[in-house]
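# Geometric and topological summary
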Amino acid sequence: MAKIKLEYIWLDGYEPTQNLRSKTKVEEHENFKGTLEELGNWSFDGSSTKQAEGGSSDCLLVPVAIYPDPTRINGWLVMSEVMYADGTPHPSNGRATIDDEDDDFWFGFEQEYFIMDTKTQLPLGFPVGGYPAPQGMYYCSVGGKNTHGRKLVEEHADLCIAAGINFEGINQEVACGQWEFQLFAKGAKKAGDEIWVARYLLDRLTEKYGYYIEYHPKPLGDTDWNGSGMHANFSNSVLRTCGSQETYEKICEAFRPVTKEHIAVYGAYNEQRLTGKHETASINDFSYGVSDRGCSIRIPLMTVQKGWKGWLEDRRPASNGDPYKIAARIIKTVKSAL
């Protein structure tokens, strides 16, 4: 028998932005294979996470995905849904709202973020009381003058890959101290699980560096610095195979009348980022276009070149958005057009 460390991870009930929570359960197992079937439900004090009242505070944690924990001996990361005691989804449970039981929808999320120094409360590379050189030389840069935080970013990539997450890439972004990683998954729920676990690994990793991650979409305020988004690349069997410009345009148009419904779940404070500047469309408008990064939805050039078979990119989601809720809303809108 071996003792196994199971790190149950869930989202709390804070608004407007939920936070990751986790706690460790140590169990004895013989020949543990790392499957959901080997795991039991757990519970937590919901009154401490804004998910229950003190008089009836138990909330259930129901495992939905499991990954090896590359930083622990016999460790596993257990992504969990929050349920009421009767087994019904808690209102904070965005995963339960996803209508994609057959995994027809594929998502690729591009997670941008700033690495912050806990001592200065500023992005890496920012001097106290001032600003570094203007944007221009940071994007995909190399060298100590313009590149800040690579050691953490590379270690995070290695952890995600070792955990079995379908990690697709990293790059420094436009602003100083800003980075991005990309994930792809077949199935909306799996895509959300992997973004949250990747965020968990990133947040936990900062503990040993004296950093923290800032997911706010415009942490530097109304300045000439880019904000952070989480572009959502998505497709279903229709988008991947239709070969029809008309079908693509019909699906894009379905997003227009529900613009407010999308913005409502695309992340808090997104109005500070979606200004029509810095490679964004205005939050008050809706647009789409081929290879246009200033649109709400970009139709990738590769999709057109392949005869209108591919995917779409919604560029509006903020870096602090919940991928479960974002995916659920996109799926609802796409299905309404078909």
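Residues numbered from 1 in each chain as written. Predicted model: local features only at pLDDT ≥ 70, side-chain atom pairs only at ≥ 80, totals over all residues. Heavy atoms only, no water.

### Concerning the sheet that holds strand 2 (residues 20-29)
Read across the open sheet, the five strands follow the order 2-1-5-4-3; overall the sheet is mixed. Either end of the sheet is taken by a strand with one partner, and the two such strands are strand 2 and strand 3 (42-45). Going across the sheet, the axis of each strand differs from the next one's by a mean of 40 degrees, ignoring polarity. The sheet contact formed by strand 1 (residues 2-11) and strand 5 (residues 75-83) spans five bridges and is parallel. Bridging from a neighbouring strand, Lys-5 pairs with Gly-75 of strand 5. (Pairing = 2+ DSSP bridges. Helix = DSSP H or I, 4+ residues; strand = E, 2+ residues; numbered from the N terminus. Axes fitted to C-alpha atoms, helices over the stretch in contact; angles between N-to-C directions.)

### Some details on the UniProt feature "domain: GS catalytic" (unreviewed entry) in the protein
The residues that UniProt annotates with the feature "domain: GS catalytic" (unreviewed entry) are residues 89-338. Between the end C-alpha atoms of residues 89-338 there is a gap of 28 Å, over a span that is 29% helix and 18% strand. (UniProt positions renumbered as here; feature names shortened; annotations may be inferred.)

### Thoughts on the pattern of salt bridges
Under the definition given, this model contains 15 salt bridges. For the salt bridge of Arg-240 with Asp-104, the shortest nitrogen-to-oxygen distance reads 3.4 Å. Taken as a pair, Arg-240 in helix 3 (residues 237-241) and Asp-104 in the loop between strand 5 and strand 6 (106-117) lie far apart in primary sequence, 136 residues in all. (Salt bridge = Lys/Arg side-chain N within 4 Å of Asp/Glu carboxyl O.)

### Section: the UniProt feature "domain: GS beta-grasp" (unreviewed entry) in the protein
Taking the numbering used here, the UniProt-annotated feature "domain: GS beta-grasp" (unreviewed entry) corresponds to residues 4-87. With 0% helix and 50% strand, residues 4-87 has end C-alpha atoms that lie 26 Å from one another.

### Side note on helix 2 (residues 188-206)
The terminal C-alpha atoms of helix 2 lie 28 Å apart, and with 19 residues this matches the ideal 27 Å at 1.5 Å per residue to within 8%. Of all 19 residues in helix 2, 17 are buried, a share of seventy percent or more. (Expected span 1.5 Å × (residues − 1). Buried < 20%, exposed > 50% of the residue type's maximum accessible area, 1.4 Å probe, protein only.)

### A look at the side chain of Arg-273
With respect to the helices and strands, Arg-273 occurs in the loop between helix 5 (259-264) and strand 11 (288-290). No salt bridge is formed by the buried Arg-273, whose closest oppositely charged neighbour, Glu-112, lies at an N-O distance of 5.4 Å. Of the polar contacts made by the side chain of Arg-273, one reaches the backbone oxygen of Pro-317; its length is 3.4 Å. Arg-273 has contacts with Pro-217, Lys-218, Gly-227, Ser-228, Gly-229, His-231, Thr-280, Arg-315, Arg-316, Pro-317 and Ala-318, leaving out every residue within four places of it along the chain. (Lys, Arg positive; Asp, Glu negative; His and termini not counted. Polar contact = N/O pair within 3.5 Å; in protein donor to acceptor, adjacent residues only side chain to side chain. Contact = heavy atoms within 4.5 Å.)

### Some remarks on unusual backbone geometry
Here the bond from Glu-15 into Pro-16 is cis, since omega is 5 degrees, no more than 30 degrees from zero. In this structure, Asn-31 takes a positive phi of about 60 degrees despite not being glycine. Along the polypeptide, Asn-31 turns up in the loop between strand 2 and strand 3.

### Topic: the packing of helix 2 against helix 7 (residues 323-336)
Running from amino to carboxyl end, helix 2 crosses helix 7 at an angle of 155 degrees, the nearest separation of the two axes being 8 Å. Looking at the two axes, helix 2 sits roughly antiparallel to helix 7. Handedness of the helix 2/helix 7 crossing: right-handed. Contacts from Ala-188, Lys-189, Gly-192, Asp-193, Ile-195, Trp-196 and Arg-199 in helix 2 reach Pro-323, Tyr-324, Ala-327 and Ile-331 in helix 7. Grouping the amino acids of the contact of helix 2 with helix 7 by side-chain chemistry returns seven nonpolar, one polar and three charged. (Parallel < 35°, antiparallel > 145°, perpendicular 65-115°, else oblique. Left-handed = near helix turned anticlockwise from the far one by under 90°. Nonpolar A, V, L, I, M, F, W, Y, C, P; charged D, E, K, R; others polar.)

### Comments concerning the packing of helix 1 (residues 150-162) against helix 2
Contact geometry for helix 1 and helix 2: axes closest at 10 Å, N-to-C directions at 135 degrees. In this view, helix 1 runs oblique relative to helix 2, as classed from their interaxial angle. When you trace helix 1 past helix 2, the crossing you get is right-handed. Of the residues in helix 2, those in contact with Leu-152, Glu-155, His-156, Leu-159 and Cys-160 of helix 1 are Ala-198, Leu-201, Leu-202, Leu-205 and Thr-206. Grouping the amino acids of the contact of helix 1 with helix 2 by side-chain chemistry returns seven nonpolar, two polar and one charged.

### Some points on the environment of Lys-189
Considering the arrangement of structural elements, one finds Lys-189 in helix 2. Spatially, the C-alpha atom of Lys-189 lies 8.9 Å from that of Ala-96, the residues being 93 residues apart in sequence. With residues near it in sequence (within four places) discarded, Lys-189 still touches Arg-95, Ile-98, Glu-101 and Tyr-324.

### Quick notes on the pairing of strand 7 (residues 167-172)
Two faces make up the sheet, and in a regular strand the side chains alternate between them. Sheet topology places strand 7 next to strand 8 (residues 178-186); five bridges connect them, and they run antiparallel. Directly across from Asn-171, in strand 8, lies its bridge partner Glu-180. Between strand 7 and strand 8, which pair antiparallel one after the other, the connecting turn spans five residues, and Gly-177 there sits at a positive phi close to 80 degrees.

### Remarks on the pairing of strand 4 (residues 58-68)
As judged from the four bridges shared by strand 3 and strand 4, these two strands associate in the antiparallel manner. In the strand pairing of strand 4, Phe-44 is matched with Cys-59. Here eight bridges tie strand 4 to strand 5, and the two strands are oriented antiparallel to one another. Residue pairing for strand 5: Ile-66 is matched across the bridge by Val-78. Once strand 4 ends, the chain turns through six residues before running back antiparallel as strand 5, passing Asn-74 with a positive phi of about 55 degrees.

### A word on the nonpolar core
Grouped together as the largest cluster of nonpolar side chains are 65 residues, with contacts concentrated most on Phe-107, Tyr-113, Ile-165, Leu-312 and Ile-330. The element contributing the most residues to this core is helix 2, with 10 residues. With near-sequence residues (within four places) excluded, Leu-312 lies in contact with Ala-232, Asn-233, Phe-234, Leu-239, Tyr-248, Ile-251, Cys-252, Ile-297, Arg-298, Ile-299 and Pro-300. Formed by 13 residues, the second largest nonpolar core is a distinct cluster that contains Trp-10, Phe-32, Phe-44 and Leu-61. (Core = buried A, V, L, I, M, F, W, Y, C linked by side-chain atoms within 4.5 Å.)

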